[in-house]
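Commentary on secondary and tertiary structure
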Amino acid sequence: MNTDQHADYTLLIKIGLNSFSYAVAGQGRLLAIKENLELTELGQPSDGNKMLAADYNQHIVSIPHTGFTIVPASLFNPEKVADFARFLDVKRNEKVFSQPLDADNQVIFKANTTLVDLVAEKFGINSIVFAPKGWIKLTAANNPADNEIYVNVEGNNVEFLNFKGDKLRFYNSFEFMIPDELAYFATLVATELQLQPGDITLVLSGAIAPEDENGIRLDRFFGKLKLNTMSALALSGQTASQEILTLTALSLCGSSEVI
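All figures in this text were calculated on a predicted structure; none of them were measured in a lab.

Before going further, it helps to spend a moment on the pairing of strand β3 (residues 29-38). On a regular strand, one side chain projects to one face of the sheet and the next to the other, so that they alternate. Sheet topology places strand β2 (residues 19-26) next to β3; seven bridges connect them, and they run antiparallel. The partner of F20 across the bridge, within β3, is L37. Between β2 and the antiparallel strand that follows it, β3, lie two residues; Q27 among them carries a positive phi value of about 55 degrees.

On to the packing of aromatic side chains. Evaluation of the coordinates by the stated rule reveals eleven aromatic pairs. Ring centres 5.3 Å apart and planes at 15 degrees place the aromatic pair F97 and F109 in the stacked group. Here F109 lies in strand β7 (residues 105-112) and F97 lies in strand β6 (residues 94-102), a separation of twelve residues in the sequence. By relative accessible area, which is 0% here, F109 ends up buried. Ring centres of F109 and F130 lie 5.2 Å apart, and the angle between their planes is 40 degrees; this geometry places the pair in the tilted category. Taken together, the positions of F109 in strand β7 and F130 in strand β8 (residues 128-130) put the pair 21 residues apart, joining distant regions of the chain. Taken as a pair, F109 and F130 share a single burial class, namely buried. An aromatic cluster is present here, built from F68, F97, F109, F130, W135 and Y171 joined pairwise through their rings.

Analysis parameters
- Residues numbered from 1 in each chain as written.
- Predicted model: local features only at pLDDT ≥ 70, side-chain atom pairs only at ≥ 80, totals over all residues.
- Heavy atoms only, no water.
- Pairing = 2+ DSSP bridges.
- Helix = DSSP H or I, 4+ residues; strand = E, 2+ residues; numbered from the N terminus.
- Phe/Tyr/Trp six-rings, centres within 6.5 Å; stacked < 30°, edge-to-face > 60°.
- Buried < 20%, exposed > 50% of the residue type's maximum accessible area, 1.4 Å probe, protein only.

Below is the structure:
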């Protein structure tokens, strides 16, 4: 990419607990990507990551939440955000954000203050978004079936997503250590949704595939597994879309409000 034209592009950053990845997007295309960098690179980019210090038309940054609650838009009142935040048991080292998740829901989430301050200093507080928001928005736009459960794995964290009648029905995340625990949480979600495992299709993205140990374990309980082929950006082909789906889907997000 021509870095002289970076002002026309969007910088997407997905931060994890101990590392981060970033991408540059423009005109609906993925132009550059770097994955699994040390967090120190975010504050002081090395010569190999000068794109982090460039000027962009927009910065969109997702950070790991330490708790969240989803409130129906019909019940949400901006003046009552602090009341909703009480359900999150906010600690002194946490800050609270509020933003629309979709047309029907508002999400209120908290995150570590040190990480928030780092992002705010570099990119502005309004660049921060609820991490799964782009993934949720992209899925909603691709006609999800009621019996499809979308599964995204990053490290030891798994997220589950389900829609009913094109409306968000379920989102949650869990930590797991072994494939049996992943299968347990998947079964727990199926039970919560009152779906029979044999009738469910699991749509996989992130660090999971039907043929790896996690996928093989899930295949024992569920009717079908398949890779997620959606993408928010046109890719050049060097990276599988499902592996970077939640990063590229950030291009569909807006900003948060901090309270």
